[in-house]
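Structural overview for review
Chain by chain, the residues:
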Amino acid sequence: MNKGTESRSRRALRRLALLTVALIVLLIFSYGWTVVGIDLDVPQEPLRQQNVGSALRELLSPNVFTQDYEITGATTPFQMGCPDGFVAPEPAISADQPYIIVTPACGNSREMVTVQGFNFYPNSISRVNWIATDGERRTREVDDSGEDNFYTRADGSFEVQIQIPQIRGTAGETHTVEAQGRFPIGLPRFSDTTAIVVEKMTETILLALIATTVSILPSAILSFFAAHNLMRSIQLPLGNLLMMVVLLPFGWLIGTALLEPIGRVLYNVGTGNLASVGGVILIGVGSVVTTQRVRRAAPPTTTSTRLRGIFASALVAVAAVAGFGLLGGLLLLVSGALQTGILVYIGNFFHSIGELIGLLLTPVAGIVGAFALSSIGSDLTRGLLKHISLPLSHALGAALGIVAGAFVMWAAAEIGVVAAWLGLFPAVVAAGLGGAMLPQVYRGLVPQPERPLRWDRILVTALSWAGAILGFIVTFQVLQVRTALVEGVPPPAIPAFQLLGLVVSEYDLRALLIGAVLGGVTAGFAGTRRSFPIGTVLYNTTRTILNSLRSIEPLIMGLVFVIWVGIGAFAGVLALALHSVASLGKLYSEQIESIDTGPIEALQSTGANRLQTIMYAVVPQIIPSYIAFTMYRWDINVRMSTIIGFVGGGGIGFLLQQQINLLRYRDAGVAVLAIAIVVSILDFASAYIRERAL
């Protein structure tokens, strides 16, 4: 076979493949067309066309303005049934007063009659009402147009046709036909609907602004963990990492037992008087100054350096919790003084933030204590773990791995008992531990080759997947996750024993044992000297959290928060803020990943640490993009808030839903017009700021 024949064969195969793909796409699209149920006959039904035309007409005629009118009217009798010998009364014709003539002057239900009017206001809006013996006014459509309003001629006359209404038991009765005309007086003014829409639109803008502002800080923090170029190079000795994990629960207990009372005292001092606050601040400043002098006076030995580091870490933890509590107390104190005039808004804001700090004081103290103790423990053991023997390294790694793995799986189990489908979380965590176990066992038995081999990498990857699958399946069976998924209920909390006042259930105990086995085997074979890619783990974890939050629509979040905090703008703020954290975190991280690496390499070459590199090489490059993305997110949140309002999340969306449900399409048109104007303004402003910032 020559090259020409082979080339033609390849082209024929390529065309056949493209044709096959096109046919598959056409089949999928055709099936989707059927599943969606697209029926073009339905929108062509006359009634549907009339209804949608009427709705669109009213939406495009928003009730923005109103005006005072002078009403003129005229009536004439009408005989129902046309009895024998009926003689139509003579119309009361006037030279200067409005009057009407109905032809014929009698008739039956559903018959058409002609109404003529004279001496009305010229070019004014008028309507015809039918008044039965019960006194109820029934406005009639004119000329089968579907409209009940019409305009008089330039001379104040009109001629329209209406249908006699069908009212049972009215034969032989005398009804009244009434024509009303109205003439505008004075200047137009904004309607009450417009005032309400402006109020709700302002609420919507502020709702979106608060949600966007609240989400900036957590999004910015998470974006650094979700940036692969910053996290991939971060590694930590496995022994230090295990020590940090082991010390986390003890640090939490110390934080809640010791640091929280300190923060609570400062929180209560802040609610007292300014003199006590000033005294506390002076004591804090004096403590910091004394600490700095002690650090300068201490001899430059290794032991003294470690002691200074421990003292500094402990002091930072105490100062952080104390400052947090004092801030809450000061905000409450200041809020009490700002209760006059326009300052009351600031006072209410400070009071809410102060109360929030009071609620968060215990978990913040626990978190600060946990990370402070972990940091201190890691610093103390870093040098020790480097110099221990290899057998002791594996033995110590196994011991620390047992405790750390048990703690991690216990924490995952506590999350798994919240809801049925969250029961998959311990199995996923076990899969992660299992994915690290088999490669470490293999590497402990088979030394790593000096030169990277392809088959070795493939085998390690296969063992990682096999361990992950094995860990997931075993945990899925042992923790009886299938029963929870099928029945829709979390696993039962059957007590097994108590530990330090904590009740450990059988479910927790099984999770502890799984974590101990997986962690002990993995760390035992790896040893404490092995480097662990903690940056990659943090990157994958952060990305998973952000993607999970982004996958949940704000509408669903709004439903949940409405149940929690009630109907109103507060629920909308929480829903939009949570979704904004995920969206901005992703946008921010992608911007970090696209920065120029030149400044980073230049700073690192001068010996700058990681924090200095981020502050002076990364942050200056991302600030303009962060501002642009934040403005863009505010624009998005304004549009999203209209949908959030449909589930009770406050803002103009809630008002729009009420108006549509009540078929008040002209009032709904005002809300739609306001949304269009505000979104357009914000879109242009956002585009301008992004252009200037970038």
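For the structure itself, consult the block above.
Residues numbered from 1 in each chain as written. Predicted model: local features only at pLDDT ≥ 70, side-chain atom pairs only at ≥ 80, totals over all residues. Heavy atoms only, no water.

A look at the environment of S109
Take S109: it is sitting in the loop between β3 (106–107) and β4 (112–118). Taking the relative accessible area as the measure of exposure, S109 reaches 28% and is therefore partly exposed. In the structure, S109 is positioned 62 residues away from A171 in sequence and 9.1 Å away in space, judged by C-alpha atoms. When sequence neighbours within four positions are dropped, the list of residues in contact with S109 reads M80, I164, P165, Q166 and I167. (Helix = DSSP H or I, 4+ residues; strand = E, 2+ residues; numbered from the N terminus. Buried < 20%, exposed > 50% of the residue type's maximum accessible area, 1.4 Å probe, protein only. Contact = heavy atoms within 4.5 Å.)

Digging into a negative patch on the surface
There is a patch of like negative charges on the surface, built from E141, D143, D144 and E159. Looking at the element boundaries, E141 is found in the loop between β6 (137–139) and β7 (150–151). Relative accessible area serves as the criterion here: at 46%, E141 is assigned to the partly exposed category. (Patch = residues over 30% accessible without salt bridge, like charges linked within 9 Å, V, L, I, M, F, W, Y side chains within 5 Å. Areas by Shrake-Rupley, 256 points an atom, 1.4 Å probe, with all protein chains shown as cover. Salt bridge = Lys/Arg side-chain N within 4 Å of Asp/Glu carboxyl O. Lys, Arg positive; Asp, Glu negative; His and termini not counted. Charge placed at Lys NZ, Arg CZ, Asp CG, Glu CD.)

Regarding the packing of aromatic side chains
Applying the stated criterion across every chain, the model contains twelve aromatic pairs. With a centroid separation of 6.3 Å and 45° between ring planes, the pair formed by F29 and W33 is classed as tilted. One end of the pair, F29, and the other, W33, are both in helix α1 (residues 3–36), four residues apart, so they sit about a helical turn from each other. In this structure F29 comes out as exposed when scored by relative accessible area, which is 57%. Its relative accessible area of 42% is what places W33 among the partly exposed residues. Ring geometry for Y99 against F118: centres 5.1 Å apart, planes inclined by 25°, an arrangement best described as stacked. (Phe/Tyr/Trp six-rings, centres within 6.5 Å; stacked < 30°, edge-to-face > 60°.)

What about the environment of F224?
Residue position: F224 is located in helix α3 (residues 192–225). Along the backbone, F224 and D155 are 69 residues apart, and their C-alpha atoms lie at a distance of 76 Å. Non-local contacts of F224, meaning those with residues more than four positions away in its chain, are made with L230, M231, I592, I614, V618, V619 and I622.

Comments concerning helix α13 (residues 506–526)
Its 21 residues give α13 an end-to-end C-alpha distance of 30 Å, which sits within 8% of 30 Å, the value for a rise of 1.5 Å per residue. Count one or two residues on from α13 and you reach G527, which has phi positive near 85°. (Expected span 1.5 Å × (residues − 1).)

A short note on a positive patch on the surface
Taken together, the side chains of R8, R11, R14 and R15 present a region of like positive charge at the surface. Take R11: it is sitting in helix α1. By relative accessible area, R11 is classed as partly exposed at 37%.

What to know about a nonpolar patch on the surface
A cluster of nonpolar side chains, namely I552, L555, I556, L559, V560, I643, F646 and I660, defines an oily patch on the protein surface of about 630 Å² accessible area. Per element, the largest residue contribution to the nonpolar patch is four residues, and it comes from helix α15 (residues 554–565). Along the chain, the position of I556 falls in helix α15. Judged by its relative accessible area of 44%, I556 is partly exposed.

A closer look at the layout of surface pockets
The computed volume of the second largest pocket comes to approximately 1,300 Å³. Considering the residues around the second largest pocket, the lining is formed by 30 residues, among which I210, V214, I353, L356 and F570 are closest to the centre. Elements with a contribution of two residues or more to the lining of the second largest pocket: α3, α7 (302–337), α8 (343–387), α15 and α16 (569–593). The biggest single contributor to the lining of the second largest pocket is α3, with nine residues. (1 Å grid on protein atoms, 1.4 Å probe; cavity = no way out; pocket = protein on both sides within 12 Å on 5 of 7 lines; lining within 4 Å. Points joined across faces, edges and corners; volume = space filled by probe spheres on them.)

A short note on the pairing of β4
Sheet analysis places strand β2 (residues 99–103) next to β4, joined by five bridges and oriented antiparallel. Across the sheet, residue V102 finds its bridge partner in β4, namely V115. Of the pairings in the sheet, the one linking β4 to strand β8 (residues 158–163) comprises six bridges and is antiparallel in character. Its bridge partner lying in β8, T114 is registered against Q161. (Pairing = 2+ DSSP bridges.)

Quick word on the sheet that holds β2
Taking strand neighbours across the sheet as the criterion, the three strands line up as β2-β4-β8 in an open arrangement whose pairing is antiparallel. Two strands close off the open sheet at either side, each with one partner strand: β2 and β8. Put simply, the sheet's adjacent strands are angled 25° from each other on average, direction ignored. (Axes fitted to C-alpha atoms, helices over the stretch in contact; angles between N-to-C directions.)

Looking at the pattern of salt bridges
Inspection of the entire model under this criterion finds twelve salt bridges. A salt bridge links D68 to R189; its shortest N-O distance comes to 3.3 Å. Of the two residues, D68 sits in strand β1 (residues 65–80) while R189 sits in strand β9 (residues 174–190), which places them 121 residues apart along the sequence. Here D68 falls in the partly exposed class, since its relative accessible area comes to 42%. According to the relative accessible area criterion, R189 is partly exposed, its value standing at 41%. Here R264 and E260 are joined by a salt bridge, their closest N and O atoms 3.0 Å apart. Taken together, the residues R264 and E260, both in helix α5 (residues 238–270) and four residues apart, mark about one turn of the helix. With relative accessibility at 24%, the residue R264 sits in the partly exposed group.

Considering the packing of α3 against α16
Closest axis-to-axis distance for the α3/α16 pair is 6 Å, and the angle between their directions is 40°. Taken as axis vectors, α3 and α16 run oblique relative to one another. With respect to the hand of their crossing, α3 and α16 are arranged in right-handed fashion. Taken together, the residues that form the contact of α3 with α16 break down as 17 nonpolar, seven polar and one charged. (Parallel < 35°, antiparallel > 145°, perpendicular 65-115°, else oblique. Left-handed = near helix turned anticlockwise from the far one by under 90°. Nonpolar A, V, L, I, M, F, W, Y, C, P; charged D, E, K, R; others polar.)

Some details on unusual backbone geometry
Looking along the chain, the bond that leaves T103 and enters P104 is cis, with omega of -10°. In this structure, P104 sits in the loop between β2 and β3. Notably, N123 is not glycine yet its phi reads approximately 55°, a positive angle. Positionally, N123 belongs in the loop between β4 and β5 (125–131). For N123, a relative accessible area of 52% gives the class exposed. Even without glycine at this site, Q480 takes up a positive phi of about 55°. Within the secondary structure layout, Q480 lies in the loop between α11 (454–478) and α12 (481–487).

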